[in-house]
Amino acid sequence: MATTTVRISSARVSSPFVARIEKISAQNLLACYQCGKCSAGCPMAAHMDILPNQIIRMAQLGMHEQLLASEAIWTCVSCMTCNTRCPKGVRIAETIEALRETRLRTGERNDCLKIGDILPGARADLPPIAMISALRKLSS
Amino acid sequence: MTKLIYYPGCTLKNHARNFDVSTVSSMGKLDVEVAEMSRWNCCGTVHCLSSDNVMNRVAPVTNLIRVKEEGGSEFMTGCAMCYNTLKRANIDVKQRADMLETINEFVYLEETKYAGEVDVLHLLEYLRDRVTFDAMGKRVVKPLAGLKVACYYGCLLVRPKEVAFDDVENPTVMEDLVSALGATPVPFPLKADCCGAYHTVGKPEIIADRTNRIMGSAAEEEADLVIVSCPLCAYNLDFRQEDAKRMNPDFQHLPVLYFTQLMALAFGCDESALRLDLHHIDPKPALAARGLV
């Protein structure tokens, strides 16, 4: 993760963004005490710019712009290994889904997957289970 | 013959026809008539994890309505993704009256309203609990003796806990099935590690890395083949082996089969019930080496 300077204030922690993510995900973000079990077991961690425990920490702190610009929120595939191992019962995958949906819901389409960019040959080879799940998760 | 309502799911009707035909044929040998629903639609493939997104729960629930219309109180699917999506949507509407009401409003043209009357079963769960592996063992006409099988669960059969019909960290239902068929399950440390799922569409390099690790783990245990219950896992672990080989020259190709294909083989079903021609990595040499084809 690149070095970033973060200014933390109570205004950020109680921002509408934090409340929104907690509502969509139905999670209490402050339950997380940063043990790191979610990131340790994450099969996608090697491909993420920020790790799952860092996503939760940044969400607690209301780091709106950094989170919605991160690659990692799109890399998570909701395999739910993190959820089943979290000692505090935080559903990390649900929180990441809330971040994805927040970006997808912002007026203009903020799709992560552009179907037109996939070559027709590749589209024909892929099974429907792959195409439909990708479109459901990565486009609006 | 016991009749069991069957939801195949979209991929079993095209890319994964080998999963569909081997399911119907092998269950026939167990005196279970797998009766495909007369009408069904795609389940949506993935469960929506947002608390407020009702629209993505409509597709699974309309399938539950179809089962109710057919007079069923339960139905079965073999696809791990369909199972997960249908079962979780069912849990959502059973627990949240507001969501159920909104969905019924969305599908106001349906004659039947849904109120949580249907149960979703996975084929492995049905085999273990209703048919039993002991009874299955008695129907084996061609024991899969000597065949070493790595059982791959992926994510959605055992996660999250509320849909899991086996241990979330170390499931064993497929190993028990493999033993009942006369084959030998081998240890497989990465059996519940995600294959990368739908990233196969936009980021195939991630799948190549996952396939390299997962299939490499099975090869280290000297497995002859890997079995799965998810057509997306099957596609990734089978078709992405060429990419894995480019990434790692030591990568060893291994065939990937559906668990129902092993059942069809052991129960002596016709070759047309196996559709071994639909695999990217040909399973015939591995099966022939054990005298099974």
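Residues numbered from 1 in each chain as written. Chains lettered and ligands numbered in written order. Predicted model: local features only at pLDDT ≥ 70, side-chain atom pairs only at ≥ 80, totals over all residues. Heavy atoms only, no water.

Chain B is annotated in an unreviewed UniProt entry as CoB--CoM heterodisulfide reductase iron-sulfur subunit B family protein from Candidatus Nitricoxidivorans perseverans.

For chain A, an unreviewed UniProt entry supplies the name 4Fe-4S dicluster domain-containing protein and the organism Candidatus Nitricoxidivorans perseverans.

Visitor: Explain the overall build of chain B here, please?
Guide: Across its full length, chain B holds 13 helices and 8 strands. Taking 293 residues into account, the globule formula puts the C-alpha radius of gyration at 19 Å, and chain B, at 19 Å, falls close to it. Once the C-alpha set of chain B is aligned to its principal axes, its extents read approximately 55 × 45 × 30 Å. A separation of at least 24 residues holds for 78% of the contacts in chain B among residues at least 6 apart in sequence. Positive and negative side-chain charges in chain B, numbering 31 and 40 respectively, have mean positions lying 1 Å apart. (Helix = DSSP H or I, 4+ residues; strand = E, 2+ residues; numbered from the N terminus. Rg over C-alpha atoms; globule rule 2.2 N^0.38 Å. Contact = heavy atoms within 4.5 Å. Lys, Arg positive; Asp, Glu negative; His and termini not counted. Charge placed at Lys NZ, Arg CZ, Asp CG, Glu CD.)

Visitor: How should the UniProt feature "domain: Cysteine-rich" (unreviewed entry) in chain B be read in this particular structure?
Guide: Residues and elements named next belong to chain B. Under the present numbering, the feature "domain: Cysteine-rich" (unreviewed entry) in UniProt falls on residues 6–87 and 149–238. Secondary structure across residues 6–87 divides into 40% helix and 12% strand, with the first and last C-alpha atoms of the span separated by 14 Å. Across residues 149–238 one finds 41% helix and 10% strand; the C-alpha atoms that close the span lie 15 Å apart. (UniProt positions renumbered as here; feature names shortened; annotations may be inferred.)

Visitor: Before we go on, may I ask you to explain the interface of chain A and chain B in this structure?
Guide: Interface size is commonly expressed as the accessible surface area that is lost when the partners come together. Contacts between the two partners involve 39 residues from chain A, matched on the other side by 44 residues from chain B. Interface area for chain A against chain B, summed over the two sides, is near 3,500 Å², with a carbon-plus-sulfur share of 62%. Inspection of the chain A/chain B interface yields 5 salt bridges. Residue Asp 52 of chain B is joined to Arg 105 of chain A by a salt bridge in which the shortest nitrogen-to-oxygen separation is 3.0 Å. There are 20 residue pairs in polar contact (both at pLDDT 80 or more) connecting chain A and chain B. If one sorts the elements of the side of chain A that touches chain B by residue count, helix H10 (residues 128–138) of chain A sits on top with 10 residues. In terms of residue class, the side of chain A that touches chain B is built from 22 nonpolar, 6 polar and 11 charged. (Buried area = accessible area lost by both parts, 1.4 Å probe. Salt bridge = Lys/Arg side-chain N within 4 Å of Asp/Glu carboxyl O. Polar contact = N/O pair within 3.5 Å; in protein donor to acceptor, adjacent residues only side chain to side chain. Nonpolar A, V, L, I, M, F, W, Y, C, P; charged D, E, K, R; others polar.)

Visitor: What is the right way to look at the pairing of strand S1 (residues 2–6) of chain B in this model?
Guide: Along any regular strand the residues' side chains alternate between the sheet's two faces. All names here are of chain B. The pairing of S1 with strand S2 (residues 32–36) spans 5 bridges and is classified as parallel. Looking at the pairing, Ile 5 lines up with Ala 35 of S2. Handedness of the crossover is the feature at issue here: the chain leaves S1, passes through helix H1 (residues 17–29), returns alongside S2, and the resulting connection is right-handed. (Pairing = 2+ DSSP bridges. Right-handed = clockwise from strand over helix to strand, strands pointing away.)

Visitor: How should H10 of chain A be read in this particular structure?
Guide: Helical geometry: 3.6 residues make up each α-helical turn, so side chains three or four residues apart lie on a common side. Burial analysis of H10 of chain A places 8 of its 11 residues in the buried class, which makes it a mostly covered element. Three or more residues of H10 of chain A are buried, namely Pro 128, Ile 129, Ala 130, Met 131, Ser 133, Ala 134, Lys 137 and Leu 138 of chain A. Buried residues in H10 of chain A make contact with helix H6 (72–75), helix H8 (92–104) and helix H9 (120–125) of chain A together with helix H3 (80–95), helix H8 (199–202) and helix H10 (231–239) of chain B. (Buried < 20%, exposed > 50% of the residue type's maximum accessible area, 1.4 Å probe, protein only.)

Visitor: Any chance you could explain the environment of Val 21 of chain B here in plain terms?
Guide: All names here are of chain B. Mapping Val 21 onto the fold places it in helix H1. Expressed as a C-alpha distance, the spacing of Val 21 and Arg 275, which sit 254 residues apart in the sequence, is 7.9 Å. With residues near it in sequence (within four places) discarded, Val 21 still touches Ser 272, Ala 273 and Arg 275.

Visitor: Explain the nonpolar core to me, please; I cannot follow it from the model alone.
Guide: In globular proteins that are soluble, nonpolar side chains generally tend to be buried together. All names here are of chain B. Grouped together as the largest cluster of nonpolar side chains are 155 residues, with contacts concentrated most on Phe 75, Leu 127, Met 136, Leu 181, Ile 227, Phe 259 and Met 263. Here this core gets 8 residues from one element, more than from any other, and that element is H3. Aside from chain neighbours lying at most four places away, what touches Met 263 is Ser 26, Met 27, Leu 30, Leu 127, Met 136, Leu 177 and Leu 181. (Core = buried A, V, L, I, M, F, W, Y, C linked by side-chain atoms within 4.5 Å.)

Visitor: Just checking my understanding: could you explain the environment of Ala 164 of chain B for this structure?
Guide: Residue and element names in this part refer to chain B. With respect to the secondary-structure elements, Ala 164 resides in the loop between strand S5 (148–151) and helix H7 (173–180). On the basis of relative accessibility, which here comes to 23%, the residue Ala 164 falls in the partly exposed class. Through-space distance from the C-alpha of Ala 164 to that of Glu 125 is 9.7 Å; in sequence the pair is 39 residues apart. When sequence neighbours within four positions are dropped, the list of residues in contact with Ala 164 reads Leu 157, Val 158 and Arg 159.

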